[in-house]
Amino acid sequence: MEGMQAYGAGKAGGAFDPVTFFQQPHTILRIVSWLFSIVIFGCIANEGYINRPDEVEEYCIFNRNQNACNYGVFMGSMAFLCCMAFLALDVYFPQISSVKDRKKAVLADVGVSAFWSFMWFVGFCFLANQWQVSKHEDNQLREGGDAARAAITFSFFSIFTWAGQSFLAFQRYKLGADSALFSQDYTDPSQDAAGGPYTSFSGGEDAESPGAGGQANSDAAFDGTGGYQRQDY
């Protein structure tokens, strides 16, 4: 029972090991996705808005489409918060004693990670398309070009980091299905024996007691009916 795990973590109550925690594949992917979200948010927020020399108002660098910049900033900030929340859940996860609660947490990880992978795919296609159709006269000095390309690149990488998190969470779900079933069916033998009612031995009406048989043989020996002849001295 010491080595048994439920949904990728051991029994609740163990000490937190930072080295083991940061070596887990899903933890590494979360940190990488967290860094990617910072890069995307920072690139668009800092250098994603430009203006023409004869204009004062700034427009989005992606084809002057404000929706493209708003989408990138929103996705980057929300992905940042989501990564932080799931990292906190990963730290707390080994302390969850309920198998059902662990199952819910793992299923939430599968669904949320798959959702973010899809949203980054949409974001990558949207930003790449808007950058491709951007007009040269809108940005003659090519300001913010590196930042725009970096946002598009890390949006593409985020598709696979979040998809990897969803895959690893699904693997934990499949692993936990068998171990959780075993832990729920397991019964401590000492508790099982102590909980059962004690029944005394009963031989029934036809069974003869050893004590009674011994007493009958003794009586027969002294009265001579058992074949023993007393000697007179």
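Rules and cut-offs
- Residues numbered from 1 in each chain as written.
- Predicted model: local features only at pLDDT ≥ 70, side-chain atom pairs only at ≥ 80, totals over all residues.
- Heavy atoms only, no water.
- Helix = DSSP H or I, 4+ residues; strand = E, 2+ residues; numbered from the N terminus.
- Buried < 20%, exposed > 50% of the residue type's maximum accessible area, 1.4 Å probe, protein only.
- Contact = heavy atoms within 4.5 Å.
- Areas by Shrake-Rupley, 256 points an atom, 1.4 Å probe, with all protein chains shown as cover.
- Salt bridge = Lys/Arg side-chain N within 4 Å of Asp/Glu carboxyl O.
- Expected span 1.5 Å × (residues − 1).
- Axes fitted to C-alpha atoms, helices over the stretch in contact; angles between N-to-C directions.
- Parallel < 35°, antiparallel > 145°, perpendicular 65-115°, else oblique.
- Left-handed = near helix turned anticlockwise from the far one by under 90°.
- Nonpolar A, V, L, I, M, F, W, Y, C, P; charged D, E, K, R; others polar.
- pLDDT = per-residue confidence, 0-100.
- Core = buried A, V, L, I, M, F, W, Y, C linked by side-chain atoms within 4.5 Å.
- Phe/Tyr/Trp six-rings, centres within 6.5 Å; stacked < 30°, edge-to-face > 60°.
- Lys NZ or Arg CZ within 6 Å of the ring centre and 35° of its normal.
- Polar contact = N/O pair within 3.5 Å; in protein donor to acceptor, adjacent residues only side chain to side chain.

This paragraph deals with the overall build of the chain. When its secondary structure is counted, the chain shows seven helices and two strands. Order of helices (α) and strands (β) in the chain, N terminus to C terminus: α-α-β-β-α-α-α-α-α. Burial statistics for the chain: of 233 residues in total, 32% are counted as buried. Relative to all contacts within the chain whose residues are 6 or more apart in sequence, the contacts with residues 24 or more apart total 77%. With the model as given, the accessible surface of the chain reaches about 14,800 Å², and the carbon-plus-sulfur share is 59%.

All right, on to the environment of valine 32 then. Following the sequence through the fold, valine 32 ends up in helix 2 (residues 25-47). Placed 125 residues apart in sequence, valine 32 and phenylalanine 157 show a C-alpha to C-alpha distance of 9.7 Å.

With that settled, consider the pattern of salt bridges. Inspection of every chain in the model, using the stated rule, returns four salt bridges. Within the structure, one salt-bridge network assembled from shared partners comprises Arg30, Asp90, Asp109 and Arg172.

Take unusual backbone geometry next. Of note, asparagine 63 is a non-glycine position whose phi angle comes to about 60°, a positive value. Tracing the chain through its elements places asparagine 63 in the loop between strand 2 (59-60) and helix 3 (66-92). Positive phi values are uncommon outside glycine, yet arginine 64 reaches one of about 55°. Within the fold, arginine 64 resides in the loop between strand 2 and helix 3. Note on arginine 64: relative accessible area 24%, which makes it partly exposed.

Bringing helix 2 into the picture now. Spanning 23 residues, helix 2 covers 33 Å between terminal C-alpha atoms, matching the ideal 33 Å at 1.5 Å per step. All of the buried residues in helix 2 are His26, Thr27, Arg30, Ser33, Phe36, Ser37, Ile40, Gly42, Cys43 and Ile44.

Once that is clear, we can look at the packing of helix 2 against helix 3. It is at 8 Å that the axes of helix 2 and helix 3 come closest, and there the two elements cross at 155°. Classified by the angle their axes make, helix 2 and helix 3 are roughly antiparallel. Crossing of helix 2 over helix 3 shows left-handed handedness. Residue-level contacts link His26, Thr27, Arg30, Ile31, Ser33, Trp34, Ser37, Ile38, Ile40, Phe41, Ile44 and Ala45 of helix 2 to Cys69, Gly72, Val73, Gly76, Ser77, Ala79, Phe80, Cys83, Met84, Phe86, Leu87 and Asp90 of helix 3. Here the residues of the contact of helix 2 with helix 3 sort into 15 nonpolar, seven polar and two charged.

Let us now look at the confidence of the model for the chain. Of the residues in the chain, 68% reach a pLDDT of 70 or more, and the chain-wide mean stands at 77. Note on residues 180-213: pLDDT under 50 across the span, and nine contacts to partners over four residues away in sequence or across chains.

By size, the foremost hydrophobic cluster in this structure holds 27 residues, and its most contacted members are Ile44, Phe62, Trp116, Trp120 and Trp162. In this view, phenylalanine 62 contacts Ile44, Ala68, Cys69, Leu127, Gln130, Trp131, Ser134, Ala148 and Ile152; residues no more than four positions away in its chain are not counted.

A few words now on the packing of aromatic side chains. Each aromatic ring pair is summarised here by two numbers: the centre-to-centre distance and the angle between the ring planes. In the structure shown here, the tally under the stated rule is 14 aromatic pairs. Ring centres of phenylalanine 21 and phenylalanine 22 lie 5.1 Å apart, and the angle between their planes is 80°; on these two criteria the pair is classed as edge-to-face. For phenylalanine 22, a relative accessible area of 48% gives the class partly exposed. Look at phenylalanine 124 and phenylalanine 156: their rings are 5.1 Å apart centre to centre, the planes differ by 50°, and that puts the pair in the tilted class. Here the residue phenylalanine 124 occupies a position in helix 4 (residues 99-132), and phenylalanine 156 occupies one in helix 5 (residues 145-185), the gap between them amounting to 32 residues. A relative accessible area of 23% places phenylalanine 124 in the partly exposed class. Here the aromatic residues Phe36, Phe124, Phe154, Phe156, Phe157 and Phe160 are joined through ring pairs into a cluster of three or more. The ring centre of phenylalanine 93 lies 5.0 Å from the NZ or CZ of arginine 172, which sits over that ring.

Taking 1.5 Å per residue, 27 residues should reach 39 Å; helix 3 reaches 39 Å between its end C-alpha atoms and fits that length. Of the positions making up helix 3, those classed as buried are Ala68, Cys69, Tyr71, Gly72, Met75, Gly76, Ala79, Cys82, Cys83, Phe86, Leu87 and Asp90. In this structure asparagine 65 caps helix 3, since a side-chain oxygen of it lies 3.0 Å from the backbone nitrogen of asparagine 67.

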